[in-house]
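Understanding the architecture of this molecule
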Amino acid sequence: MRRRFQSLLFAAALLPLAGLSSMAASAETLLKIGVAQLSAGGLPVLVADQKGFFAEEGLKYERLDFKGGGPVAQALASGSIDLCICAADHAVHLQDRGLGGKVLVALAEQHSYALIGKADSTAKSIADLKGEKIGITTAGSLTDTTVRYAIRKAGLDPDKDFVLLSVGRAGAQKAALQAGAIAGGMFSTPDIQIVMAEKGAYRIIEDFRKLPYPAQDLIATDTWLKAHPEDARKVARAVVKALRLIQQDKTVLYPAIKSLFPEMKDDAMVAQLADDLAAGYLSKNGVMSPESFNFLMAMMTIAEPKLKPMPYADIVALSYLPK
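These remarks concern the structure in this document. Computed from a prediction, not measured in an experiment: that's the story for all the values here. (Residues numbered from 1 in each chain as written. Predicted model: local features only at pLDDT ≥ 70, side-chain atom pairs only at ≥ 80, totals over all residues. Heavy atoms only, no water.)

1. Re the overall build of the protein chain
Our working rule: Strands are runs of DSSP state E lasting at least two residues, helices are runs of H or I lasting at least four, and both sets are numbered from the N terminus onward. Only protein chains enter the accessibility calculation, which uses a 1.4 Å probe; a residue whose area is less than 20% of its type maximum is buried, one above 50% is exposed, and one in between is partly exposed. Contact criterion: two residues are considered in contact whenever any of their non-hydrogen atoms come within 4.5 Å of each other.
Looking only at helices and strands, the protein chain has 14 helices and 10 strands in total. Taking the principal axes of its C-alpha atoms as reference, the protein chain extends roughly 90 × 45 × 35 Å. Considering the protein chain as a whole, with its 323 residues, one finds that 50% of them fall into the buried category. Nonlocal contacts in the protein chain, meaning residues at least 24 apart in sequence, comprise 80% of its contacts between residues at least 6 apart.

Right, here's the structure in full:
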């Protein structure tokens, strides 16, 4: 009887603790983060989650995958998602439309795409594909902007001299190439490495990866930032902490790479990708560099002649970043 009474007292003592645990769990803020493309630029967000940095801030997130930048930007503008991992182009487009897009955290400081054709293609540049069909992810995406920029730089017209097809992501691009539906398709890191590992099957026609370009960023709207300023600071702290950790120890990328890209089973390829990403592709501190921003505006205004250039301060939300 006494033992049973002690057990009841012990159980009663645990009740407040259980209540506190339940309250802590329910206090976590759920963020809906849309992803334009499963690319390497999203890895710092995954590292922040895996290392518990989001949990430390009382945050958790749900990743929603979209078929390119156009659809994810629409979801962001409508408020159906809180943030997107997408190119800074979309922050510019949202600003241009009066919807107030902002880069909350810079994730990548270099372009992430290459134009790839089949191995038997004789094209040495995008100009050699004049009259052909080129695969992009979606209209209004980074792939769309990049292809239009490259075509105009070659002195050609993207709407008259080419057919740009919204094909989707890497798997669909590869299938379209194999079927002969397109002469070239846009692939992102690490899909480039995965496809090019098929020896003798594909070749790179134009490689954009060394361009200084904010190809992947964590983007929000002014409306969301004004309504959730503390959540914005929390997510910025968590992701910047992950970016800095990656610079100190690139091996933290290994489990994130294997989780996001399960098809990368070769440990040597995973290690090489981590080396490449930590060596200049990923942002070191979450701040978009003026160099990449200036190239962004140059590319976008060439690709879209009607677009008016915007100042850095209109696009980058520095005040939410940790000091």
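2. Considerations on empty space enclosed by the protein
Counted only if it meets this: Grid points spaced at 1 Å over the protein atoms alone were grouped into cavities, where a 1.4 Å probe fits but cannot get out, and pockets, open sets with protein on both sides within 12 Å along at least five of seven lines, with lining residues defined by an atom within 4 Å of a point. Grid points are joined across faces, edges and corners, and a volume is the space filled by probe spheres set on the points. Polar here means any residue outside two lists: the nonpolar Ala, Val, Leu, Ile, Met, Phe, Trp, Tyr, Cys and Pro, and the charged Asp, Glu, Lys and Arg; Gly therefore counts as polar.
In total, this model carries 1 cavity of 30 Å³ or more according to the counting rule given. Space inside the largest cavity adds up to approximately 70 Å³. Taken together, 13 residues make up the lining of the largest cavity; nearest its centre are Ala36, Gln37, Gly69, Tyr113 and Leu142. Looking at the lining of the largest cavity residue by residue, the classes come out as 6 nonpolar, 7 polar and no charged.

3. Quick notes on unusual backbone geometry
For the bond running from Thr189 to Pro190, omega is 5°, close enough to zero to count as cis. You can see Pro190 is positioned in the loop between strand 8 (184–188) and helix 8 (191–196).

4. Brief notes about helix 4 (residues 69–78)
Considered for burial, the residues of helix 4 that qualify are Gly69, Gly70, Val72, Ala73, Ala75 and Leu76. Where helix 4 is buried, its residues touch strand 1 (29–35), strand 3 (83–86), helix 5 (89–96) and strand 10 (217–221). Immediately downstream of helix 4, the backbone of Gly79 shows phi near 85°, a positive value.

5. Here we look at helix 11 (residues 253–260)
Inclusion rule: The arc in question is the one spanned by the directions pointing from the helix axis to the C-beta atoms.
For helix 11, the full list of buried residues reads Leu253, Ala256, Ile257 and Leu260. All buried residues of helix 11 project into a common sector of 100° when viewed along the axis, lining one side. Where the residues of helix 11 are buried, they touch helix 2 (43–50), strand 2 (59–65), helix 10 (229–248) and helix 12 (267–281).

6. Details of the side chain of His90
Mapping His90 onto the fold places it in helix 5. Those residues in contact with His90 that lie beyond four places of it in its chain are Gly69, Gly70, Ala73, Gly140, Ser141 and Leu142.

7. Focus: the sheet that holds strand 6 (residues 133–136)
Whenever strands of a sheet pair, they do so through backbone hydrogen bonds, lying parallel or antiparallel. Quick reminder of the rule: When DSSP finds two or more bridges between a pair of strands, those strands are recorded as paired. Throughout, an axis means a line fitted to C-alpha atoms (over the contacting stretch in the case of helices), and angles, computed between N-to-C directions, take values from 0 to 180 degrees.
In spatial order, the strands read 7-6-8-5-9; together these 5 strands make up an open sheet with mixed pairing. The open sheet has two free edges, formed respectively by strand 7 (163–166) and strand 9 (202–207), since each of these has just one partner strand. Across this sheet, the average inter-strand angle for adjacent strands is 35°, counted without regard to direction. Here strand 5 (residues 113–118) pairs with strand 8 via 4 bridges, running antiparallel. Bridge pairing links Leu115 to Met186 in strand 8. Where helix 7 (residues 170–179) meets the sheet, its contacts fall on strand 5, strand 6, strand 8 and strand 9, and the angle it forms with strand 8 comes to roughly 155°.

8. Quick word on the packing of aromatic side chains
The cut-off we apply is this: Paired rings are identified among Phe, Tyr and Trp, the last through its six-membered ring, by centres lying within 6.5 Å, and are further divided according to the angle between planes into stacked (under 30 degrees), edge-to-face (over 60) and tilted (the rest).
In total, this model carries 4 aromatic pairs according to the counting rule given. Arranged with centres 5.4 Å apart and planes meeting at 90°, the rings of Phe293 and Tyr312 form a pair that is edge-to-face. Residue Phe293 is found in helix 13 (residues 290–303), and its partner Tyr312 is found in helix 14 (residues 312–315); the two are separated by 19 residues along the sequence. Assessed through its relative accessible area of 23%, Tyr312 is described here as partly exposed. What links up through ring pairs into an aromatic cluster is the set Tyr149, Tyr213 and Phe295.

9. What about the environment of Lys130?
Looking at the secondary structure, you find Lys130 in the loop between strand 5 and strand 6. Note: C-alpha distance between Lys130 and Val163 (33 residues apart in sequence) is 9.0 Å.

10. Quick notes on the pattern of salt bridges
Heads up, the rule is: We count a salt bridge whenever a side-chain nitrogen from Lys or Arg sits within 4 Å of a carboxyl oxygen from Asp or Glu.
Evaluated as defined, the whole model comprises 12 salt bridges. Put simply, Arg237 and Glu57 hold a salt bridge, and the shortest N to O gap is 2.9 Å. In this pair, Arg237 sits in helix 10 while Glu57 sits in the loop between helix 3 (53–56) and strand 2, placing the two residues 180 residues apart along the sequence. The class for Arg237 is partly exposed, based on a relative accessible area of 32%. One network of salt bridges, in which partners are shared, links Glu57, Glu230, Arg233 and Arg237.

11. Here's the deal with the side chain of Ser188
By the element assignment, Ser188 lies in strand 8. The residues contacting Ser188, other than those within four sequence positions of it, are Gln37, Ser39, Ser112 and Tyr113.

12. Focus: the state of the cysteines
Inclusion rule: Put simply, a disulfide is two cysteine sulfurs that come within 2.5 Å.
Summed over all chains, the structure comprises 1 disulfide. Note on cysteine connectivity: Cys84 is disulfide-linked to Cys86, with sulfurs 2.1 Å apart. For the pair shown, Cys84 and Cys86 are each scored as buried.

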